[in-house]
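Geometric and topological summary
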Amino acid sequence: MANNHSHMAGINSHIEMGPIDGRSVMELEDESIVSPQPSDIKTRSVDVAPHRSFFGFGTEEFGCKYILNSTLNSIKIVLFSSKLNLLASCGPLAIVVDKLTNHHGWVFFLSLLGIIPLAERLGWATEQLAFYTGPTVGGLLNATFGNATELIISMHAMNSGMLRVVQQSLLGSILSNMLLVLGCAFFCGGIVHCSKEQVFNKASAVMNSGLLLMAVMCLLFPAVLHFTHTELHFGKSELMLSRFSSCIMIIAYGAYLFFQLTSEKNLYSPINEEGTPTDGGSDDDEPPEISKWESITWLFLLTFLISVLSEYLVNAIEGASAAMNIPVAFISVILLPIVGNAAEHAGAVMFAVKDKLDISLGVAIGSSTQIAMFGIPFCVVVGWIMGRPMDLNFQLFETATLFMTVLVVAFMLQEGTSNYFKGLMLLLCYLIVAASFFVHIDPKSVQDKPRTNT
């Protein structure tokens with residue numbers, strides 16, 4: 001070892017081609033140009049010593065300590081940076097109650113509370129990953145993983161044969177985003193900025209409204225076909241039309257993504273009060289709290305935890321409905337989406353208060369568009385693969401509710417401005433929808449009851 005060091009000391013740094021003490025030739029040449037002082041050389045030799053041990057005998061120890069410290073720091077940030085994480089203990093408690101007792105109401109309630117912090121942290125991890133992907137891809141990631149909770153619950157319900165819960169939870173997610181989330185964003189933003197009228201990109205809002213109307217059309221035709229008894233092949237034409245329309249909707253949504261990501265980026269940029277596009281940059285943007293690979297790891301881990309709790313949640317829905325005397329339709333359309341949209345709700349309100357209404361609109365309306373044009377047809381295709389007769393016939397009451405909601409929101413967005421009164425109107429509309437589903441008897445559930453009791 002001593003011979004090696006004496007040999008390396010006698011070689012000029014400009015002639016040596018290989019790395020010396022872990023540094024490249026270019027680094028050594030840069031140092032020689034600066035003409036370091038002897039004190040600098042002494043300091044540098046001290047700094048190099050641990051670097052040499054990293055590439056020598058201390059590699060494994062250094063790597064383990066670094067990974068351990070990084071992991072502990074990441075866990076600390078994820079677990080202790082949100083007050084909602086206090087509800088995380090409800091998840092394991094729900095599993096314990098399910099194993100030891102038969103109280104489906106408590107299992108449902110605890111699972112519901114346990115999923116809320118997981119959904120919020122999932123949205124947070126997606127935002128951290130968006131720092132490394134850019135705003136356009138980041139917006140797509142936010143919409144996708146923001147809807148992951150609803151899709152996971154839908155997959156578990158479909159696997160259990162509860163197709164009406166799948167339909168109603170997805171419908172409720174659209175209604176919740178368009179009325180509750182957007183209404184809260186408009187209301188809170190309007191209260192904070194009451195001295196001026198907030199503006200947003202009208203072109204993007206009109207594009208999303210058009211896609212939502214297309215989704216309503218695809219849901220309306222199977223329902224009308226069923227209730228007018230005009231099917232060519234009774235019981236088959238409705239299902240075939242739903243599967244064909246679902247494939248068309250997925251293609252249309254893919255084309256919309258391609259259009260948004262490539263040809264018309266300026267169309268979706270934020271605008272200022274004068275109505276001219278801005279670059280979307282801001283001085284108060286915060287740096288990411290965790291690295292890219294830590295974000296990806298947390299995304300997979302949180303998705304898995306939500307999937308585990310969703311299974312207990314879905315299995316307890318019918319028992320909770322009977323125990324609490326609440327219709328399954330109300331649980332599916334109102335309660336489940338509020339939990340699934342917890343991340344979108346908090347994010348949309350926060351950005352509206354900061355006068356970043358375009359981001360709030362992208363979260364609320366963008367998420368509704370993705371559920372309507374991708375989430376629902378995706379579940380139909382997955383049901384097709386699994387052999388489940390999942391279709392687009394959401395029944396007349398649910399389809400009419402969605403149609404009226406899309407019309408109301410489209411009229412609210414056509415001016416490109418918002419205020420607290422518009423937000424209040426959307427919130428009041430959501431209260432009417434919630435009350436309607438509380439007194440609504442689902443025809444298919446009534447038909448299924450004699451079969452389940454025998």
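Residues numbered from 1 in each chain as written. Predicted model: local features only at pLDDT ≥ 70, side-chain atom pairs only at ≥ 80, totals over all residues. Heavy atoms only, no water.

In the annotation of an unreviewed UniProt entry, the protein chain is listed under the name Vacuolar cation/proton exchanger and assigned to Fraxinus pennsylvanica. Note on the protein chain: under the UniProt heading Sequence similarities (unreviewed entry), the record states "Belongs to the Ca(2+):cation antiporter (CaCA) (TC 2.A.19) family. Cation/proton exchanger (CAX) subfamily." (UniProt positions renumbered as here; feature names shortened; annotations may be inferred.)

Moving on, we come to the pattern of salt bridges. In the structure shown here, the tally under the stated rule is five salt bridges. One salt bridge in this structure joins Lys 196 and Asp 355, with 2.6 Å as the shortest N-O distance. With a gap of 159 residues between them, Lys 196 in the loop between helix H9 (163-192) and strand S1 (198-199) and Asp 355 in the loop between helix H15 (342-353) and helix H16 (357-386) connect regions that are remote in the sequence. Judged by its relative accessible area of 30%, Asp 355 is partly exposed. (Salt bridge = Lys/Arg side-chain N within 4 Å of Asp/Glu carboxyl O. Helix = DSSP H or I, 4+ residues; strand = E, 2+ residues; numbered from the N terminus. Buried < 20%, exposed > 50% of the residue type's maximum accessible area, 1.4 Å probe, protein only.)

Let us now look at the UniProt feature "transmembrane region" (unreviewed entry) in the protein chain. Feature annotation in UniProt assigns "transmembrane region" (unreviewed entry) to the following positions: residues 170-193, 205-228, 240-259, 296-314, 326-353, 359-384, 396-414 and 420-441. Across residues 240-259 one finds 100% helix and 0% strand; the C-alpha atoms that close the span lie 29 Å apart. The straight-line gap between the two end C-alpha atoms of residues 359-384 is 35 Å; of that span, 100% is helix and 0% is strand.

Quick look at unusual backbone geometry now. Positive phi outside glycine occurs at His 229, with the angle close to 55 degrees. Looking at the secondary structure, you find His 229 in the loop between helix H10 (202-227) and helix H11 (237-263). The backbone of Asn 325 sits at a positive phi, close to 55 degrees, despite the residue not being glycine. Following the sequence through the fold, Asn 325 ends up in the loop between helix H13 (317-324) and helix H14 (328-340). With a relative accessible area of 68%, Asn 325 lands in the exposed category.

Here we take up the packing of aromatic side chains. Within the structure shown, the criterion is met by seven aromatic pairs. With 6.1 Å between their ring centres and 20 degrees between their planes, Phe 186 and Phe 200 make a pair best called stacked. Taken as a pair, Phe 186 in helix H9 and Phe 200 in the loop between S1 and H10 lie far apart in primary sequence, 14 residues in all. You can call Phe 186 buried: its relative accessible area is 0%. An angle of 80 degrees between the planes, with centres 5.2 Å apart, marks the rings of Phe 397 and Phe 437 as edge-to-face. Linking Phe 397 in helix H17 (residues 396-413) with Phe 437 in helix H18 (residues 420-438), this pair joins segments that are 40 residues apart in sequence. Among the aromatic side chains, those forming a connected cluster through ring pairs are Tyr 253, Tyr 256, Phe 374 and Phe 378. (Phe/Tyr/Trp six-rings, centres within 6.5 Å; stacked < 30°, edge-to-face > 60°.)

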